[in-house]
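Take a look at the letters that make up each chain.
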Amino acid sequence: MRGLLLDNIITNLSFKGVLCIVLGLMLGILTLLLSPLYTVVIILGVFALYMSAIKPEIGVLIILVLISSIVFEDDLPLMPIGIGSLHLSDLLMMFLFMVLFYRVMTDSSFTVSRSPLNVPLTLFVMFALFSTYISISLYGVNFNQAFSLFRAVSYYLVYYLVANLIREKSQILFLVKGMFIVATIVTVVMIIQAIIGDAIILIPGRVEKSGTFDEEFETLRLLPPGQTLLYVLFIVAICIYSLNIREKLLTSKYIYLISILGAGVILTYNRTYWVAIILTYSILFIMSNKESKKRLLVLLGILIILTCAIRIMYADNTQMQEAIRSITMRFTSLFTGGELHKSSSVEARYIENEYALKQVANHPIIGIGLGNDYRPQVFYGDDEFTYYVHNGFMWILLDTGIIGFLLFFWFYIGFIIRCIRKWKFISDDYLRYLVVGFMLSCIGIIPMTLYNPIFMQWFSIVVIAIITGLTDSIINTSAIEKFKDEYNSQNVKLTGKPETRTTQAVL
């Protein structure tokens, strides 16, 4: 009798049950061996892993918080592995791939996403690994320098986690809401940092005095790791607001999200973001119907009125007036033509491109390898990052050659084309608005990358990987729903009544 009971228990143990038993045993052993502080940290980490195994969207959101928000990268715990170290986010990403592998091996109904983006992305990451080997073995690049750049590139693989583990609408909505919450928190902290100044640093990244041409202002320019997330979700919020004509113009919650996220984008003082927003706003206006055009014009009017109101309300506030003046001058500098091209920041990029083009001409096919220096120290100050190129297209071409460049843009342009072809066939309105927002934000990134290496920034890569994976999930989910609808309609035609499914218990 006991043997039969034990057999039944073992037979009915689920993945969750086995995971709980194993993790419980590990925690018990660690509690005996380690100090209370380390034990608490490990318990929290194990809880995060457990929740990520049950709800992978939580794991992806944690990765986003660790890399693309306001978390200090230097404060992330490291695990030495002999020849280098792993970040906490690395361990979480590997764990999620283990969850994916487990589902593929144990669930016969689980199928891997068959997207046309799989092949180019896999080949690109593999070639990036080969480029890392080249830079270390042939050019003697420091292992940590080369591997740190490959670590960033490897996070494009988060695309597979999202596309395969986040398939239900509830999962997609949870992750998107989480992204909006993270972006809102980033903006709030940026606003607080702008108010208190740089005496106390609250956010990582660049916190510096804003300036345009040779004039410096007392306001702060803030570039946290969450900057790309702010830009993308700002575009998405505009798309949802303008396309969802069922919501009233002035009562939509996305009005407030647009205002908050817009403030964050402004505080970056990043002209490339501003240009990309103008471009995507124009494209959205052209592709929208009459009602959506009306909503876009109303939104523009609200933002103009809000800006004027702030200027009038804080007419006697010296700090606010200085901020308004610095933002205005920064924005109008976009239209100064020759003066902008002669600015020190643009001239520095020209110098970078000249050195990079020489290296590309000498190593056109496979490049010089990830993290390899392409120029001498030619700039004043701490000119240590001689592998860094502001032109993201040039950076990929320089490090991975024509092969890596073509593989990456096979993936990226393929994603945009896939969106253009599929977004109209997504039946769920909200999911369709999301896809349009993701598509337009990625289109805006293309001209931005000429002056901002979005495609090679760790925090930007995570955002790109998540939104491309979410788009793939939405398209595949919509295709499955369409197939079900067509199947049911055919069944109605043949039988005269809709199909009904019954589930019987297996005794």
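Residues numbered from 1 in each chain as written. Predicted model: local features only at pLDDT ≥ 70, side-chain atom pairs only at ≥ 80, totals over all residues. Heavy atoms only, no water.

(A) Here's a closer look at the environment of lysine 294. By secondary structure assignment, the location of lysine 294 is in helix α13 (residues 290-313). For the pair formed by lysine 294 and serine 242, sequence separation is 52 residues and the distance between their alpha carbons is 8.3 Å. (Helix = DSSP H or I, 4+ residues; strand = E, 2+ residues; numbered from the N terminus.)

(B) Geometry of the state of the cysteines. Summed over the entire model, instances satisfying the criterion amount to zero disulfides. Note on cysteine 442: no disulfide assigned, nearest cysteine sulfur contributed by cysteine 419 at a separation of 7.2 Å. With a relative accessible area of 0%, cysteine 442 lands in the buried category. (Disulfide = S-S within 2.5 Å. Buried < 20%, exposed > 50% of the residue type's maximum accessible area, 1.4 Å probe, protein only.)

(C) View of helix α5 (residues 88-106). If you check α5, its first and last C-alpha atoms are 27 Å apart, about what 19 residues at 1.5 Å a residue would give, namely 27 Å. Among all positions in α5, only Ser89, Asp90, Leu92, Met93, Phe95, Leu96, Val99 and Leu100 are buried. (Expected span 1.5 Å × (residues − 1).)

(D) Here's a closer look at a nonpolar patch on the surface. Taken together, the side chains of Phe130, Tyr133, Ile365, Ile366, Ile402, Ile403 and Leu406 present a nonpolar region at the surface, about 650 Å² in accessible area. Taken together, the elements giving at least two residues each to the nonpolar patch come down to α6 (118-137) and α17 (392-422). As for its position among the elements, leucine 406 is in helix α17. According to the relative accessible area criterion, leucine 406 is exposed, its value standing at 54%. (Patch = residues over 30% accessible without salt bridge, like charges linked within 9 Å, V, L, I, M, F, W, Y side chains within 5 Å. Areas by Shrake-Rupley, 256 points an atom, 1.4 Å probe, with all protein chains shown as cover. Salt bridge = Lys/Arg side-chain N within 4 Å of Asp/Glu carboxyl O.)

(E) Spotlight on the confidence of the model for the protein chain. Mean pLDDT over the protein chain stands at 84; residues scoring 70 or higher make up 81%. Low confidence marks residues 497-507, where pLDDT is under 50. Its contacts with residues over four positions away, or in another chain, come to seven contacts. (pLDDT = per-residue confidence, 0-100. Contact = heavy atoms within 4.5 Å.)

(F) Summary view of the pattern of salt bridges. Following the criterion strictly, the structure yields six salt bridges and no others. With a shortest N-O distance of 3.4 Å, arginine 246 and aspartate 429 are connected by a salt bridge. Of the two residues, arginine 246 is situated in the loop between α10 (227-243) and α11 (253-267) and aspartate 429 in helix α18 (residues 429-448); the sequence distance between them amounts to 183 residues. Aspartate 429 gets classed as partly exposed once you look at its relative accessible area, which sits at 23%. We note a salt bridge from glutamate 322 to arginine 325, for which the minimum N-O separation is 3.8 Å. Pair noted here: glutamate 322 and arginine 325 are both in helix α14 (residues 318-332), with a separation of three residues, about one helical turn. Its relative accessible area of 19% is what places glutamate 322 among the buried residues.

(G) Summary view of the packing of aromatic side chains. All chains considered together, the criterion is met by 25 aromatic pairs. Look at phenylalanine 385 and tyrosine 387: their rings are 6.1 Å apart centre to centre, the planes differ by 80 degrees, and that puts the pair in the edge-to-face class. With a relative accessible area of 17%, tyrosine 387 lands in the buried category. Here the aromatic rings of tyrosine 387 and tryptophan 395 are separated by 6.3 Å at their centres, their planes lie at 55 degrees, and the arrangement is tilted. The pair tyrosine 387 / tryptophan 395 is uniform in exposure class, with both members buried. Sitting over the face of the ring of phenylalanine 110, arginine 167 holds its NZ or CZ atom 4.5 Å from the ring centroid. The lysine or arginine in question, lysine 293, covers the ring of phenylalanine 285, its NZ or CZ lying 5.5 Å from the ring centre. (Phe/Tyr/Trp six-rings, centres within 6.5 Å; stacked < 30°, edge-to-face > 60°. Lys NZ or Arg CZ within 6 Å of the ring centre and 35° of its normal.)

(H) Fine view of the packing of α10 against helix α12 (residues 271-287). Where α10 contacts α12, the axes come no closer than 11 Å and their chain directions differ by 20 degrees. Our classification of the angle between α10 and α12 gives roughly parallel. In the crossing of α10 with α12, the sense of the turn from one axis to the other is right-handed. Contacts between α10 and α12 involve Gln227, Thr228, Tyr231, Phe234, Ile235, Ile238, Cys239, Ser242 and Leu243 on the former and, on the latter, Tyr273, Ala276, Ile277, Thr280, Tyr281 and Leu284. A per-class count over the contact of α10 with α12 returns 11 nonpolar, four polar and no charged. (Axes fitted to C-alpha atoms, helices over the stretch in contact; angles between N-to-C directions. Parallel < 35°, antiparallel > 145°, perpendicular 65-115°, else oblique. Left-handed = near helix turned anticlockwise from the far one by under 90°. Nonpolar A, V, L, I, M, F, W, Y, C, P; charged D, E, K, R; others polar.)

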